[in-house]
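Analysis of the macromolecular model
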Amino acid sequence: MTPTPGSAGPTDAETPPPAELPYKVGRFTPAERWVHRATAWLMGACVVTAAILYVPQFAEAVGRRELVVRVHEICGVLLPVPLLVGLVSRALRADLARLNRFLPYDRTWLRSALRRDPEPRPAGKFNAGQKVYAGWIAGAVLVMLGTGLLMWFTHLAPIEVRIGSTFVHDWLSLAIGIVVAGHVWMAFGDPEARRGMRTGSVGRPWAKREHPLWEPELDEE
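My aim in this report is to walk through the structure given alongside it, one point at a time. (Residues numbered from 1 in each chain as written. Predicted model: local features only at pLDDT ≥ 70, side-chain atom pairs only at ≥ 80, totals over all residues. Heavy atoms only, no water.)

Focus on the packing of aromatic side chains
We count it as follows: Stacked, tilted and edge-to-face are the three classes assigned to paired rings of Phe, Tyr and Trp, where Trp is represented by its six-membered ring and a pair needs centres within 6.5 Å; plane angles under 30 degrees give stacked, over 60 edge-to-face, the rest tilted. Any Lys NZ or Arg CZ that is within 6 Å of a ring centre and within 35 degrees of that ring's normal is treated as a charge sitting over the ring.
One pass over the full model with this rule turns up 3 aromatic pairs. Between the NZ or CZ atom of arginine 27 and the centre of the ring of tryptophan 214, over which it lies, the distance is 5.0 Å. Lying across the ring of tryptophan 109, arginine 121 places its NZ or CZ 5.5 Å from the centre.

Quick word on the packing of helix α2 (residues 30-54) against helix α10 (residues 191-199)
Selection criterion: For helices, the axis comes from a line fit to the C-alpha atoms of the stretch in contact; other axes are also lines fit to C-alpha atoms, and the angle between any two N-to-C directions lies between 0 and 180 degrees. Numbering of helices and strands starts at the N terminus; helices are DSSP runs of H or I of at least 4 residues and strands are runs of E of at least 2. Under this scheme an angle from 65 to 115 degrees is roughly perpendicular, one under 35 degrees roughly parallel, and one over 145 degrees roughly antiparallel; angles in between are oblique. Throughout, a contact is declared for two residues whenever any of their heavy atoms are within 4.5 Å. Residues were grouped as follows: Ala, Val, Leu, Ile, Met, Phe, Trp, Tyr, Cys and Pro as nonpolar; Asp, Glu, Lys and Arg as charged; and all remaining residues, including Gly, as polar.
Put simply, α2 and α10 touch, their axes get as near as 8 Å, and they point 105° apart. Between α2 and α10, the angle falls in the class roughly perpendicular. In this structure, α2 contributes Arg33, His36 and Arg37 to the contact, and α10 contributes Gly196, Met197, Arg198 and Thr199. Per-class residue counts for the contact of α2 with α10 are 1 nonpolar, 3 polar and 3 charged.

Some words on helix α7 (residues 104-114)
So the rule is basically this: Each residue gets one of three labels from its accessible area relative to the maximum for its type: buried under 20%, exposed over 50%, partly exposed in between, using a 1.4 Å probe on protein chains only. What the arc describes is the spread of directions from the helix axis to the C-beta atoms.
Every buried residue of α7 is listed here: Asp106, Trp109 and Ser112. Projected down its long axis, α7 carries its buried residues within an arc of 120°, all on one side. Exposed residues on α7 whose side chains face more than 90 degrees from its buried face are Pro104 and Leu114. Summarising the contacts, the buried residues of α7 are in contact with α8 (128-152). Trailing α7 by a residue or two, arginine 116 shows a phi angle of about 55°, which is positive.

Digging into the nonpolar core
In a soluble, globular protein the nonpolar side chains are often hidden away together inside. Just so we agree on the cut-off: Definition used in this section: a nonpolar core is a set of buried Ala, Val, Leu, Ile, Met, Phe, Trp, Tyr and Cys residues joined via side-chain atoms within 4.5 Å.
Counting 12 residues, the largest nonpolar core is built from Leu42, Met43, Cys46, Cys75, Leu79, Ile137, Ala140, Val141, Met144, Leu172, Ile176 and Val180. The set of elements that each furnish at least two residues to this core consists of α2, α8 and α9 (159-188). The element contributing the most residues to this core is α8, with 4 residues. Those residues in contact with cysteine 46 that lie beyond four places of it in its chain are His72, Cys75 and Gly76. Val25, Val202, Trp206 and Trp214 belong to the second-largest nonpolar core, a separate cluster that totals 5 residues.

Details of α8
Note the threshold: Each residue after the first adds 1.5 Å to the expected span of a helix. The definition of a polar contact used here is a pair of N or O atoms within 3.5 Å, where within protein one atom must be able to donate a hydrogen and the other to accept one, and adjacent residues in sequence count solely through side-chain atom pairs.
With 25 residues, α8 ought to run about 36 Å at 1.5 Å a step, and its terminal C-alpha atoms sit 36 Å apart, in line with that. By the burial criterion, the buried members of α8 are Ala128, Lys131, Ile137, Ala140, Val141, Met144, Thr147 and Gly148. Looking at the buried residues of α8, the elements they touch are α2, α6 (90-99), α7 and α9. The N-cap of α8, judged by a side-chain oxygen 3.0 Å from the amide nitrogen of glycine 129 a few residues on, is asparagine 127.

A closer look at the pattern of salt bridges
Selection criterion: Salt bridges are defined as contacts in which a side-chain nitrogen from Lys or Arg sits within 4 Å of a carboxyl oxygen from Asp or Glu.
One pass over the structure, following the stated rule, counts 8 salt bridges. A salt bridge links glutamate 192 to lysine 24; the shortest N-O distance between them is 3.8 Å. Of the two residues, glutamate 192 sits in helix α10 while lysine 24 sits in strand β1 (residues 24-26), which places them 168 residues apart along the sequence. Where salt bridges share partners, they join Lys24, Glu192 and Arg195 into one cluster.

Pasting the structure below:
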């Protein structure tokens with residue numbers, strides 16, 4: 001049977017459609033998600049117990065101050081452990097290298113964010129805001145760990161140093177609480193980003209829109 005003009009012939013019908021890229025792309029491995037989840041639980045416990053210890057109304061409602069202090073101390077000491085254990089993951093080490101590398105387009109991203117520019121902002125797998133947050137929180141955790149140990153083990157330093165450590169620890173804990181709350185607020189505003197941390201995959205359109213310079217296929221090689 002001869003096909004009529006304008007109709008698809010047999011060869012056309014048999015031609016397979018062009019291969020398309022999958023809709024979902026891998027963003028985080030199970031090891032990376034475990035590190036994030038464990039760190040989040042420990043950080044949350046530290047923030048909550050700190051609030052109970054320093055806000056009189058919370059302290060009165062909860063009571064058992066000695067137990068709250070012990071939970072706070074133990075969670076604080078354990079806070080770096082998930083990351084240290086996760087360093088066995090090559091993917092985690094690669095992402096840490098990305099977070100530690102501030103590139104020229106990251107400055108463009110920050111300028112656009114400060115101006116609240118609605119235009120798409122250049123970003124690799126992590127945008128400049130995520131890099132700044134990761135670097136700040138890592139440094140803050142180390143300072144909190146050091147000052148906390150001086151407050152816990154009083155024989156490690158003279159009284160003047162312990163007083164200074166207490167001052168730094170208290171005020172930095174407030175700053176961490178505010179910054180972590182902002183991080184959670186931003187996460188709740190981006191369901192696809194939360195899905196990536198929960199399941200490991202994100203939609204390709206979201207990746208192209210929010211992280212246009214990221215090439216997921218290269219990560220999978």
